[in-house]
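So the chains spell out like this:
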Amino acid sequence: RNALIGKHFKTLMQTCVFHVHGIVSDSQFKLIKATGRLGAVLWYHELRNMGEYLDDLRVLVANVLDAFDVVDSARIIDKGKIHVLVHLPEDVECFGPAIRYATE
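Residues numbered from 1 in each chain as written. Predicted model: local features only at pLDDT ≥ 70, side-chain atom pairs only at ≥ 80, totals over all residues. Heavy atoms only, no water.

**Looking at helix α2 (residues 26-42)**
Taking 1.5 Å per residue, 17 residues should reach 24 Å; α2 reaches 24 Å between its end C-alpha atoms and fits that length. Among the residues of α2, those classed as buried are Phe 29, Leu 31, Ile 32, Ala 34, Gly 36, Leu 38, Gly 39, Val 41 and Leu 42. (Helix = DSSP H or I, 4+ residues; strand = E, 2+ residues; numbered from the N terminus. Expected span 1.5 Å × (residues − 1). Buried < 20%, exposed > 50% of the residue type's maximum accessible area, 1.4 Å probe, protein only.)

**Some thoughts on helix α4 (residues 80-95)**
An α-helical segment advances 3.6 residues per turn. Residues three or four places apart therefore align on the same side. Along α4, the helix axis deviates most sharply at His 87, where the bend reaches about 55°; the proline Pro 89 sits within four residues downstream. Looking at α4, one finds that the buried residues are Ile 82, Leu 85, Leu 88, Pro 89 and Val 92. On its buried face, α4 is in contact with α2 and α3 (50-78). (Bend = angle between axes of the 7 residues up to and from the residue. Contact = heavy atoms within 4.5 Å.)

**Remarks on the nonpolar core**
Judged by nonpolar contacts, the single largest core of 21 residues is most densely connected at Leu 38, Leu 42, Tyr 53, Leu 57, Leu 88 and Val 92. Looking at this core, the elements that each hand over two or more residues are α2, α3 and α4. Broken down by element, this core gets its largest block of residues, 9 residues, from α3. (Core = buried A, V, L, I, M, F, W, Y, C linked by side-chain atoms within 4.5 Å.)

The following block contains the structure:
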């Protein structure tokens, strides 16, 4: 009750960029944009071209990690879920779309 669920996070990730424009620093804005782009790709239920999807996913994950490095490089090491992103393409290849499994 009164908790965010997946569809709420999806909406927040993809619309946050419009709400914070002009409020946050340029590096923070780039991080929010990169996260929103990655989030949009993670909610695919069906993958029609696995090779192309994995290539795109690797680029998007690298973009998020690069943006995190500029904003707060220590966070990549301190926060486990950020590190898990590195393994996401291999997990998708083995287990299918990320929308099908939880991280908790």
